[in-house]
Amino acid sequence: MDKTQKLVDSIVAGIQEKKGFDIVTVDLSRIITAPCKHFVICTGSSPQMVQAIANSVWDFAFRKANGEKPSKTIGEQNAEWVAMDYGTVMVHIFRPEAREHYDLENLWEDADLFEVPNLD
């Protein structure tokens, strides 16, 4: 398993730990103009849940992916959309309305989308 995939898997585990849902990973590695290799997108039902997911992602990526930390995190103040930049991976944690509005999953037609089943 390569370093980027290990980071993606750690991020997904962090999201699942705090019951983030509708997780989608977007493989952008074949798109030359993409800003990174992968997007990981999920939904949290409230600002508190969005913030808890972001904290969990930080913790899981740091502990399980060889000390990875985001170079930048934005959106924590209002927690409608928190974006975390890990260089090769961008994490987007949305409230439902913001996710529907921005529709990041469909930004690149050539990207491969992988839906992660929701945990019960």
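Scroll up to find the structure this text is about.
Residues numbered from 1 in each chain as written. Predicted model: local features only at pLDDT ≥ 70, side-chain atom pairs only at ≥ 80, totals over all residues. Heavy atoms only, no water.

Participant: When you look at the sheet that holds strand β1 (residues 21-27) in this model, what are you seeing that I'm missing?
Facilitator: Backbone hydrogen bonds are what pair the strands of a sheet, in a parallel or an antiparallel way. An order of β3-β4-β5-β2-β1-β6 is seen for the six strands of this open sheet, with the pairing classed as mixed. The strands lining the two open edges of the sheet, one partner per strand, are β3 (72-74) and β6 (112-116). Each strand of the sheet is rotated relative to its neighbour by a mean of 15 degrees, with strand direction disregarded. The strands that helix α1 (residues 3-17) touches are β1, β2 (38-43), β5 (89-94) and β6; relative to β2, the one it contacts most, it runs at about 5 degrees. (Pairing = 2+ DSSP bridges. Helix = DSSP H or I, 4+ residues; strand = E, 2+ residues; numbered from the N terminus. Axes fitted to C-alpha atoms, helices over the stretch in contact; angles between N-to-C directions. Contact = heavy atoms within 4.5 Å.)

Participant: Is there a simple way to explain α1 in this structure?
Facilitator: In an α-helix, one full turn covers 3.6 residues, which means residues spaced three or four apart are oriented alike. Over its 15 residues, α1 runs 21 Å from end to end, which matches the ideal 21 Å to within 8%, given 1.5 Å per residue. Among all positions in α1, only Thr4, Leu7, Val8, Ser10, Ile11, Val12, Gly14 and Ile15 are buried. Two residues or fewer past α1, Lys19 is found with a positive phi of approximately 65 degrees. (Expected span 1.5 Å × (residues − 1). Buried < 20%, exposed > 50% of the residue type's maximum accessible area, 1.4 Å probe, protein only.)

Participant: Just checking my understanding: could you explain the nonpolar core for this structure?
Facilitator: Side chains that are nonpolar tend, in soluble globular proteins, to be buried together. Counting residues in each nonpolar core, the largest one holds 22 residues, and the members touching the most others are Ile11, Tyr86 and Ile93. Listed by contribution, the elements that provide at least two residues to this core are α1, β2, α2 (47-64), β4 (81-85) and β5. Examining the composition of this core, we find that six residues originate from one element, α2, more than from any other. Residues in contact with Tyr86, not counting those within four places in the same chain, are Leu7, Ile11, Val57, Trp58, Ala61, Glu68, Lys69, Pro70 and Val91. (Core = buried A, V, L, I, M, F, W, Y, C linked by side-chain atoms within 4.5 Å.)

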